[in-house]
Amino acid sequence: MSSSARRALLTAARNAFIQNGIGATANLGAAAAAKTLSVSGNATLRSGTLTLDANAGGLSMNQGAGTTLTLAAGTSLGNVRLTTPSATIGLTNTANGVDAGGYLETNVVNLVSSGTATARLTVAGNLTIGNDGSGNAVQGNPDGTSGAAIISAGTIRVSVAASAGAADYNWIGTYGANDTLAATTLRIGEAGDKGGAENFGGTWTVTDTILGDQAVSNANYLTVADGGTITNDGEMIVGLRGSSNALSIDGIGSLFDMSDSSDDLVIGSLAGATGNTVSVNYGALVVDKEIIVGDAGSSNLLEIGNTDTGSVTAGGIEVGLDSDANGVFLDNGSTATLNGSVTVGENGSDNTFRIRGGSVVTLTQAGDDFTIGYESNADSDGNRLEVSGSGSKLVMHQADSELWIHGVKTGGGTGNMALVRDGGSLEVDMVMVASGGTLAGDASVVGRVNVATGGVIAPGDGTAGSIGTLSVTGDAVFSPLVGGPGLLEIDIDGLLCDMLSVSGALDLSGATLDLNFIGPPSGMAYLIADYGTLTGTFGSVVALPAGWYVDYTFGGMNKIAVVPEPSAIVLAGLGLAGVAAWRLRRKRPA
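Residues numbered from 1 in each chain as written. Predicted model: local features only at pLDDT ≥ 70, side-chain atom pairs only at ≥ 80, totals over all residues. Heavy atoms only, no water.

**Student:** How should the packing of aromatic side chains be read in this particular structure?
**Tutor:** Ring pairs (aromatic) are described by centroid distance and by the angle formed between their planes. According to the stated counting rule, one finds 6 aromatic pairs in the structure shown. Ring geometry for Phe353 versus Phe370: centroids 5.2 Å apart, planes at 75°, classification edge-to-face. Separated by 17 residues along the polypeptide, Phe353 in strand β34 (residues 352-356) and Phe370 in strand β36 (residues 370-372) bring together distant segments of the chain. Both rings, one in Phe517 and one in Tyr526, keep their centres 6.3 Å apart while their planes meet at 75°; by these two values the pair is edge-to-face. (Phe/Tyr/Trp six-rings, centres within 6.5 Å; stacked < 30°, edge-to-face > 60°. Helix = DSSP H or I, 4+ residues; strand = E, 2+ residues; numbered from the N terminus.)

What follows is the structure, encoded as structure tokens:
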């Protein structure tokens, strides 16, 4: 037999135990020969190095369900192949490929190290976990030991076939602070369900990551926690076609970093990709380009601080680019620092950007806008910006940076809205309320407000029957100078009414006042606005009761009231005590 045809074979009926001195190496056969290590039980490799080159028959484990391969400190593998008694697993023609996972079996690869030792798994090609089965895993230091587990591969594939993960999760994970993972591509849920990847405290470097590749790829996840870091230098998609896939960034110091990527982070990419989520809690998400929530998929979420304070830095956010019912939610004192523009519902409906719990969103660049709806697009309806709670705010103080509220009310649609309530604030130098748009609230706007024809200001918290005062620290202009005149909606309920309070200049030239009496008028005056200075008067008043009129200097002050004829009220006897300081509501449902 020639040397090139020689085959080295080590067979153990039950368990195989290989232990060499420090730095020792165990080689099976000549470099060009086919080698096989067959173990019917468990294989434990300690210290030293077991090297299997591309010609190797592989490390074969045939025990079936529950088989575990443990790679201890100093172990290096080139080609690992786990099989079951009834099926061949994986990519049979891929040299230097690792295929961990059996057909309806449970196979586990553990890399365990301690102290300064290293356990290493290196794969030139594909590392496949759960090709067509469930409960398969590759784990680095699953007990959180102090050594280093190092995993590197070309492409890591988790839950590959349509039936993969049907019964239980397939996953890859590292659990120690010194553990690392490097891959060109990480595909979690390539065509199967319940694929997972977990980085607890380690350092991962990946070029491209996709969760939920196919329409049948659901409930897959990627988690970075306990101060771990994932650097993703290429594309990142959570839900390419699949649904209910999730990226979680959880724990102080945890980071998902796309600062060097030229790609957007996309949540819900193609039509049918629904219910996908990125959540950031006590961690940070950094994206140089945009975050797109609902490119063509619907009901996808970016949650920042849904349980604990989170931080996001990005080159802008688009919510509902061409889809419906997507959301960005900030809570618990979280922050979003955006070096670019924001759009909510450019070509979609019922999308929401919500800031609450003392959270702050800041746009940092001159000329970048926050836009709700898109010009006169009839497909853009029911989109909302909501800012609520003490300390919650949207901050836009850069030159030529404006908050735009666009949209056409279509059929029974509600139009698009910015709602500020319960102590929240819009600290925006310019708010533009365009046709079909509504600015509502019972809190404050710090800046100038322009209301064009078809645009609405509706004090109140945006719910039916509510009454509130919307304060503008700056000017409010309804006139044709800004494309107006716009409309002021005032709800009146018994002794209460809405109110618009403007500290600066109020320009009503030709504007429409729309009164909504929820019950019959009380017979008393209703204070609907105050101002620093006033220009013009309402061009028309809708639903003004017979015998009532609008007084623009009520009581000789800078106040506007809707009052009955003088004979119906004795101001001298009542003074201002007879005036209901009315706070108004929007007619639209929340």
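Having seen the model, we can carry on.
**Student:** Explain the side chain of Asp507 here, please?
**Tutor:** Take Asp507: it is sitting in strand β50 (residues 505-507). Of the side chains bearing the opposite charge, Arg448 lies closest to the buried Asp507, which forms no salt bridge; the N-O distance is 6.9 Å. One polar contact links Asp507 to Ser509, side chain to side chain, over a distance of 2.7 Å. Sequence-distant contacts of Asp507, that is, excluding residues within four places in its chain, are made with Ala476, Val477, Phe478, Ser479, Leu481 and Thr535. (Buried < 20%, exposed > 50% of the residue type's maximum accessible area, 1.4 Å probe, protein only. Lys, Arg positive; Asp, Glu negative; His and termini not counted. Salt bridge = Lys/Arg side-chain N within 4 Å of Asp/Glu carboxyl O. Polar contact = N/O pair within 3.5 Å; in protein donor to acceptor, adjacent residues only side chain to side chain. Contact = heavy atoms within 4.5 Å.)

**Student:** Got a minute to help me understand the nonpolar core in this structure?
**Tutor:** Nonpolar side chains in soluble globular proteins tend to be buried together. In terms of nonpolar packing, the biggest core is built from 101 residues, with Leu222, Leu285, Ile291, Phe353, Phe370, Leu385 and Leu439 touching the most fellow members. Per-element tally for this core: the top contributor is strand β16 (residues 148-158), with 5 residues. Contacts of Ile291, omitting those with residues within four sequence positions, involve Leu265, Ile267, Leu285, Leu302, Val312, Ala314, Gly316, Ile317 and Glu318. (Core = buried A, V, L, I, M, F, W, Y, C linked by side-chain atoms within 4.5 Å.)

**Student:** Looking at this structure, how should I read the pairing of strand β26 (residues 277-287)?
**Tutor:** If a strand is regular, its side chains alternate between the two faces of the sheet. The element β26 is extensively covered by neighbouring structure, given that 8 of its 11 residues are classed as buried. Where strand β24 (residues 246-258) and β26 come together, 10 bridges link them in parallel fashion. Bridge pairing in β26 links Ser254 to Gly283. Sheet analysis places β26 next to strand β29 (residues 311-314), joined by 3 bridges and oriented parallel. Residue pairing across strands places Val286 opposite Thr313, the latter belonging to β29. (Pairing = 2+ DSSP bridges.)

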